[in-house]
Amino acid sequence: MRPLFYVVNMLEKYQDLLTPIHQFLHCETPQSWIDEAKKPSNLKTILIDHLLCELKAGQSAMLLIRKYAIAPQSATTLLDWFKPYEDFAYRKTGSLETLKGKSQISKTIMAKSDSPYSQDLIDKMVLLIKEELHHFYQVLEIMEKKGIAYEPVPASRYAKGMLSKMATHEPKHWSIN
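Bear in mind that the values here come from a model prediction, so they are computed numbers and not experimental data. (Residues numbered from 1 in each chain as written. Predicted model: local features only at pLDDT ≥ 70, side-chain atom pairs only at ≥ 80, totals over all residues. Heavy atoms only, no water.)

Chemist: Hey, could you run me through the overall build of the protein chain in this one?
Modeler: From N to C terminus, the protein chain includes seven helices and zero strands. For the protein chain, the α and β elements follow one another from N to C terminus as α-α-α-α-α-α-α. Its C-alpha radius of gyration of 20 Å places the protein chain more than 25% over the 16 Å reference for a compact globule of 177 residues. Every one of the 177 residues in the protein chain was classed for burial, and the buried ones make up 25%. For the protein chain, restricting intrachain contacts to residue pairs at least 6 apart in sequence, the fraction spanning at least 24 positions comes to 77%. (Helix = DSSP H or I, 4+ residues; strand = E, 2+ residues; numbered from the N terminus. Rg over C-alpha atoms; globule rule 2.2 N^0.38 Å. Buried < 20%, exposed > 50% of the residue type's maximum accessible area, 1.4 Å probe, protein only. Contact = heavy atoms within 4.5 Å.)

Chemist: Just checking my understanding: could you explain a nonpolar patch on the surface for this structure?
Modeler: A surface patch of nonpolar side chains, about 390 Å² in accessible area, is lined by Leu18, Ile21, Phe24 and Leu25. One can find Leu18 in helix H1 (residues 4-25). Taking the relative accessible area as the measure of exposure, Leu18 reaches 32% and is therefore partly exposed. (Patch = residues over 30% accessible without salt bridge, like charges linked within 9 Å, V, L, I, M, F, W, Y side chains within 5 Å. Areas by Shrake-Rupley, 256 points an atom, 1.4 Å probe, with all protein chains shown as cover. Salt bridge = Lys/Arg side-chain N within 4 Å of Asp/Glu carboxyl O.)

Chemist: I keep staring at the nonpolar core and nothing clicks. Help me out?
Modeler: Among soluble globular proteins, nonpolar side chains are generally buried collectively. Judged by nonpolar contacts, the single largest core of 33 residues is most densely connected at Ile65 and Met143. Those elements that place two or more of their residues in this core are helix H3 (43-68), helix H4 (75-91), helix H5 (96-99) and helix H6 (118-145). Take this core: its biggest share by element is ten residues, from H6. (Core = buried A, V, L, I, M, F, W, Y, C linked by side-chain atoms within 4.5 Å.)

Chemist: How should I be thinking about the packing of H4 against H6 in this particular structure?
Modeler: Contact pair H4 / H6: the axes reach a minimum separation of 12 Å and the direction vectors enclose 30°. Classified by the angle between their axes, H4 and H6 sit roughly parallel to one another. For the pair H4 and H6, the crossing hand works out as left-handed. Contacts from Trp81, Phe82, Tyr85 and Phe88 in H4 reach Val126, Ile129, Lys130, Leu133, Phe136 and Leu140 in H6. A class-by-class count of the residues in the contact of H4 with H6 yields nine nonpolar, no polar and one charged. (Axes fitted to C-alpha atoms, helices over the stretch in contact; angles between N-to-C directions. Parallel < 35°, antiparallel > 145°, perpendicular 65-115°, else oblique. Left-handed = near helix turned anticlockwise from the far one by under 90°. Nonpolar A, V, L, I, M, F, W, Y, C, P; charged D, E, K, R; others polar.)

Chemist: It is not clear to me how the environment of Thr108 should be interpreted in this structure. Could you clarify?
Modeler: Here Thr108 is to be found in the loop between H5 and H6. Thr108 sits 38 residues away from Ile70 along the chain, and the two C-alpha atoms are 10 Å apart. Contact partners of Thr108, with chain neighbours within four places excluded, come to Ser74 and Thr77.

Chemist: Help me out: how do you make sense of the pattern of salt bridges in this one?
Modeler: Where side chains of opposite charge bring their charged atoms close, a pairing between them can arise. Counting across every chain of the model gives five salt bridges. Lys39 is paired through a salt bridge with Glu36; the nearest N and O atoms lie 2.9 Å apart. Lys124 is the partner of Asp120 in a salt bridge, and the nearest nitrogen-oxygen pair spans 3.1 Å. One end of the pair is Asp120 and the other is Lys124, both in helix H6 and four residues apart, which spans about a single turn.

Now the structure itself:
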């Protein structure tokens, strides 16, 4: 058994780790939500949502580099990289086995020649994309081990409402400082 001061010290360290998260969120997660999320009957929903969030995070990184950093001829390479994951999530084609090893991408992505930050953005976003697609695969592995079949989830009213407020064009004036 560990001494009490050790346990208290560890709890303080965990709280220190959570501080930036709580500051970003501006509130803590309500205990009632945690209790609901922990129910075994909600595991399928939580895992499918997690799976789709991993894909969406990767897609967001891909959009950034497609829009701002890569040469037009590299766009197809990125789209092809995501195709098996999107086919699985949105078209119900493929499986854990067909996705195995698909999170790798070749070095054929070309940076825009007129942009000084393109290669740095590509390097960082490609690492993020690989990580998110690997997490997608890991969640899918967990689902398979638990016998949870994937089912598409329609966007919630909240998500639809947020998307309706999103700008679909560039701001007229912006700069990178």
